[in-house]
Amino acid sequence: MRRIALVTLVVDDYDEAIRHYTGALGFRLAEDTPRPDGSRWVVVEPGGEPDGSGTGAALLLARARTGSQRARVGDQTGGRVGFFLHTDDLARDHARMRAAGVTFLEEPRHEPYGTVAVFEDLYGNRWDLLQPATP
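Rules behind the numbers
- Residues numbered from 1 in each chain as written.
- Predicted model: local features only at pLDDT ≥ 70, side-chain atom pairs only at ≥ 80, totals over all residues.
- Heavy atoms only, no water.
- Helix = DSSP H or I, 4+ residues; strand = E, 2+ residues; numbered from the N terminus.
- Rg over C-alpha atoms; globule rule 2.2 N^0.38 Å.
- Buried < 20%, exposed > 50% of the residue type's maximum accessible area, 1.4 Å probe, protein only.
- Areas by Shrake-Rupley, 256 points an atom, 1.4 Å probe, with all protein chains shown as cover.
- Lys, Arg positive; Asp, Glu negative; His and termini not counted.
- Charge placed at Lys NZ, Arg CZ, Asp CG, Glu CD.
- Phe/Tyr/Trp six-rings, centres within 6.5 Å; stacked < 30°, edge-to-face > 60°.
- Contact = heavy atoms within 4.5 Å.
- Arc of directions from axis to C-beta.

Another point: the overall build of the protein chain. For the protein chain, the helix and strand inventory stands at 3 helices and 9 strands. Seen in sequence order, the protein chain has helices and strands lined up from the N terminus as β-α-β-β-β-α-β-α-β-β-β-β. At 15 Å, the protein chain has a C-alpha radius of gyration in line with the 14 Å of a compact globule built from 135 residues. Reported as C-alpha extents along the three principal axes, the dimensions of the protein chain are approximately 50 × 35 × 30 Å. Taking all 135 residues of the protein chain together, 33% fall into the buried category. Of the roughly 7,900 Å² of accessible surface on the protein chain, 50% is carried by carbon and sulfur atoms. Of the side-chain charges in the protein chain, 16 are positive and 20 negative, and the distance between the mean point of each set is 5 Å.

All right, on to the packing of aromatic side chains then. Two numbers describe a pair of aromatic rings. These are the distance of the centres and the angle of the planes. Counted by the stated rule, this structure contains 6 aromatic pairs. With 6.1 Å between their ring centres and 80° between their planes, phenylalanine 27 and tryptophan 127 make a pair best called edge-to-face. Of this pair, phenylalanine 27 sits in strand S2 (residues 27-34) while tryptophan 127 sits in strand S9 (residues 126-132), and the two are 100 residues apart along the sequence. The same class applies to phenylalanine 27 as to tryptophan 127, namely buried. Members of the aromatic cluster, joined through ring pairs, are Tyr21, Phe27, Phe83, Phe104, Phe119 and Trp127.

Here we come to the environment of alanine 64. Mapped onto the fold, alanine 64 is located in the loop between strand S4 (58-63) and helix H2 (67-72). Among the residues examined, alanine 64 registers a relative accessible area of 10% and is labelled buried. Sequence separation between alanine 64 and aspartate 128 is 64 residues; the distance between their C-alpha atoms is 24 Å. Apart from residues lying up to four places away in sequence, alanine 64 is in contact with Val10, Val11, Gln69, Arg70 and Val73.

Regarding helix H3 (residues 90-99), the residues found buried are Leu90, Asp93, His94 and Met97. Projected down its long axis, H3 carries its buried residues within an arc of 100°, all on one side. Those residues of H3 that are exposed and angled more than 90 degrees off the buried face are Ala91 and Ala99. Considering only its buried residues, H3 is in contact with helix H1 (14-24), strand S6 (103-104), strand S8 (114-120) and S9. Looking one or two residues beyond H3, the residue adopting positive phi is glycine 101, at roughly 95°.

This part covers the environment of valine 44. Tracing the chain through its elements places valine 44 in strand S3 (residues 40-46). The exposure class of valine 44 is buried, given its relative accessible area of 0%. In sequence terms valine 44 and aspartate 93 are 49 residues apart; their C-alpha atoms lie 18 Å from each other. Once residues within four sequence positions are removed from consideration, valine 44 is found in contact with Tyr21, Thr22, Phe27, Arg28, Leu29, Ala30, Ala58, Leu59 and Leu61.

Structure, rendered in structure tokens:
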């Protein structure tokens, strides 16, 4: 079996990013390991499974180290939605995330593929919160 396990997301600060992804977005901190060069291996993943584990790809939060990397923080996909967070209850998660201060760029809308609302993470990266349509 093959699957995408991690996707790197360049951030300004590890602890700030961990607070945002685990607090406002409800992710689980899967790993936070110091590395010899002073960086950290920080992995967050959407939770939601009964045992607390996530499914699918997780995010590797990588602190920007160069000017070129810092320039990409918050704009890794050129302003397009670059990340898709599936949910089984969009209304619940939308309300919880708004209460936690997440900025939504639109109200939830119904599409043939499901109910969706675009939001921005701490850095301005655009995400779809998506409840897929049931067949």
